[in-house]
Every structure is written in structure tokens, then in C-alpha cells.
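A structural walkthrough
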Amino acid sequence: MRILVTGGAGFIGSHLVERLLQEGYAVTVLDDLSGGRLENLGAVRDHPRLRILIGDVTDPVTLRRALEGVERVFHLAAVVGVPRVLADPLRTIRVNVRGTEMVLEACAERDLPVCLASSSEVYGKGIRWPAAEEDDLRLGSPTVARWAYAASKLLDEHLALAWARQGLRVSVVRYFNVYGPRADPDGYGYVIARFMDQALRGEPLTVYGDGRQARSFIYVEDAVEGTLRAGFLPKAFGWIFNIGRAEEISIRELAEKVRAITGRSVPVRFVPFSEAYGPGFEETPRRVPEVSRARALLGFEARVTLDEGLRRTWEWWRVCRRG
Ligand code: NAD
């Protein structure tokens, strides 16, 4: 079976591609390399079952070519990461909404099952934590550009559920801060990637705000497992799943953990959000998933502890990003 992974040269996508190849599938990657890198696929680039197409998912001809011979789709291509969203909210909305709409329409035409990557950002500032998939959402005003990403992903989810009502086999995964080797310091799970880069260079770890904001982090291998189950299990179709770990940690504590695990005695530097992202930036104090639906329907539970995941990530950082 050939599987299309859009955004397959990105952080999560490249791990998903490796896993699919290991499982014996043929894989087509469609990626425009705006956020991802071919080096992310370095270990499998010459694999005989891998086809890489460099192009824009919103281009109909490119998308049609990417779908040739494909029987299942994982749609991960998106503009990701606060710095990129703030730099170009228009492109964020265009790629994240039009790209998804086109992928869903193409899958519906060909009767292909599809799994969409969404984000815990859709919970916005949150109403209650841990947040469950059916909870109400609380996004900020459209005058604050960061919410463009959340709004785009939310519209993707609406499109997916609307298509599910038309009979499309579609599932949605809402990732909660995925981290691990190859994470992009400018991307979504940027805080761990940034700390790793800074520790490697012997620079202070920059914590935005007072660092009391809490997050939960999921190691990429676990996120890929959850994604595969959501993409393959027929009972997943028509559902949205939180893919995360129930344990939360403040960014301050995370910085301490990174210092301990990397053994680098770098200081921690607190930077106001306004300095990092400009005036009016809105941050959410907590973000932690309710994971019972993924456990019940997918039999999925994240297994890698934060300590273990940080150790593995640092190991990769030390070897592959040194210098
Ligand atoms: P990433 O930036 O590494 O991957 C996204 C990929 O999409 C990149 O390789 C990029 O080049 C590609 N892309 C962007 N625009 C494209 C276009 N027009 N055509 C083709 N390819 C295009 O980010 P990631 O962290 O691997 O995220 C993967 C997916 O998971 C995204 O949909 C993202 O919104 C979602 N997500 C990630 C996280 C996280 O913690 N990493 C959290 C929530 C949601």
C-alpha cells in the first residue's frame, strides 16, 4: 500500500515516514520545504519505497501527482510555529485552510481515508484543563495574529467533520507539544528545541514571561504511534483525538530539567513576551490534554517519560547538531 504524507520532510512527518517505511509501506512525501528539510529524511532518502515530491499542497496539479497510486493519506503540511505565523498570517491561513480543503476534496473524490494533523492551539486560552475534545474553546481576538493558526486548524477540523458526514473516512489528531530529534527551534515544539540549541552553545536558556506557564510534552515516537492508530483504525474515523501526555510541567521547571539532563550549567534568562513576540502577544497559562478518548478508542497511551524523551533528544542534539 502506498501512503501520502504531506509535510513529510517536517519534524513529525519525517518520523512518521520512517515508521511507515519500517512497517513495509510505500510512501510518497509532498513537501515544499518551507519549514521542513530534506535532511530530516536523510536516513531513508534513498529508500526504494520512498518517493519525494517537492511542491505546494495548494497547487492542484502537484497534489494530483502526489496522489498517484496512493491508498491512504496523512495530511501534516502546514505553516507551523509562532514566529512563522506572526511573520505571515495570510500564508498561514491560505496553506492551512486551502491546503486541507483541497486534500479533503481529493480524498473524497478518490474515497481515500485521511488523517489530519490539528493542534492543541484550538483550545486557545482554554476553559478548563485538562481539556477534552468536546469542550468549548476560547480563542483570542482576530486582532491578535497568533490566533490565525488556531482558527485555521479549527476550520480544518470543521471541514473534516463535515466531510465525515458525507461518508469520508477522516480522523483528526490534536497534538500537544511534540518534541524530539529534528524538532525545529522555530517550529511548534520550539521551546525544547530552543533550550537544546542554547545548551549546546553554552548560552542562557531563554524562558518567556515568568516561566510559570505549564505545558505537557509528548515524545515524537509516541505522537507517531497515536497518529498511526488514528489513521488506520476504522473506529477512529469521524473522531478528533487529543494526542498528548497528561503530565504537565512549568517552563521554568522544564529549563531546570534541561540543565540537569544536558549537564550544562547555563543560566536561565527571563524574557518578556512583548520582547520576544512584540506588544499584545497573548499566552495561555496552562495546556494539558484529557487523554481518555485516545485510550478508549485507539488503545493509545504515551509511553516515553519526559526525562527519557529529553535524554534521547539531547543525545541526538549532541551528535547531529554539534557545531
Ligand atoms: P513542520 O513545520 O516541521 O512540518 C510541516 C511541514 O509542512 C514542513 O515540512 C513544511 O515544509 C511543510 N509545508 C508547509 N507548507 C506547505 C505547503 N504549502 N505545501 C507542502 N508542504 C508544506 O511542523 P511539525 O511540527 O512537524 O508539524 C506537523 C503537523 O503537526 C502540522 O500540521 C502542525 O500544525 C501539527 N502540529 C504540530 C505540533 C508540534 O508540537 N510539533 C503541535 C500541534 C500541531
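A brief structural summary.

We now examine the overall build of the chain. Looking only at helices and strands, the chain has 11 helices and 13 strands in total. Its C-alpha atoms give the chain a radius of gyration of 19 Å, within 12% of the compact-globule value 20 Å for 323 residues. With the C-alpha coordinates aligned to their principal axes, the bounding extent of the chain is approximately 55 × 45 × 40 Å. Each of the 323 residues in the chain was classed as buried or not, and the buried ones make up 57%.

Time to look at the packing of aromatic side chains. Aromatic rings considered in pairs are described by the distance between their centres and by the relative angle of their planes. As enumerated under the stated definition, the model contains seven aromatic pairs in all. Taking the centre distance of 6.4 Å and the plane angle of 85 degrees together, the rings of Tyr179 and Phe217 count as edge-to-face. Of this pair, Tyr179 sits in strand β7 (residues 178-179) while Phe217 sits in the loop between β9 (214-215) and β10 (218-219); the two residues are 38 residues apart in sequence, bridging distant segments of the chain. Judged by its relative accessible area of 3%, Phe217 falls in the buried class. Taking the centre distance of 5.0 Å and the plane angle of 70 degrees together, the rings of Trp316 and Trp317 count as edge-to-face. Trp317 matches Trp316 in its accessibility class, with the two residues each being buried. Put simply, the rings of Tyr25, Phe74 and Phe232 pair up and form one aromatic cluster. Geometry around Trp147 places Arg146 over its ring, the cationic atom sitting 4.8 Å from the centre. For Arg174, the ring lying beneath its charged end belongs to Tyr123, and the centroid distance is 4.8 Å.

Glancing now at helix α1 (residues 11-22). Between its terminal C-alpha atoms α1 stretches 17 Å, which fits the 16 Å expected from 12 residues at 1.5 Å a residue. Counting buried residues along α1, 10 of its 12 residues qualify, which places the element largely inside the surrounding structure. Among all positions of α1, only Phe11, Ile12, Gly13, Ser14, His15, Leu16, Val17, Glu18, Leu20 and Leu21 are buried. In the segment just after α1, Gly24 is the residue with positive phi, at about 100 degrees.

Rules and cut-offs
- Throughout this document, residue positions are counted from 1 along each chain, in the order its sequence is written.
- Reporting in this predicted model follows two pLDDT cut-offs: at least 70 for local features of residues, and 80 or more for side-chain atom pairs to be given and counted; totals over whole chains, interfaces and linings ignore these cut-offs and use all residues.
- No hydrogens and no water enter the side-chain calculation; it runs on all heavy atoms of the structure.
- Numbered from the N terminus, helices here are DSSP runs of H or I no shorter than four residues, and strands are runs of E no shorter than two.
- Only C-alpha atoms enter the radius of gyration, while the globule expectation follows 2.2 Å times N to the 0.38, with N the number of residues.
- Partly exposed residues are those whose accessible area sits between 20% and 50% of the maximum for their type, while under 20% is buried and over 50% is exposed, using a 1.4 Å probe and protein chains only.
- For this analysis, a ring pair means two rings from Phe, Tyr or Trp (six-membered ring only for Trp) whose centres lie within 6.5 Å, classed as stacked if their planes differ by under 30 degrees, edge-to-face if by over 60, and tilted for the remaining angles.
- Two limits define a charge over a ring: the Lys NZ or Arg CZ must be within 6 Å of the ring centre, and within 35 degrees of the ring normal.
- How far a helix is expected to stretch is found by multiplying one less than its residue total by 1.5 Å.

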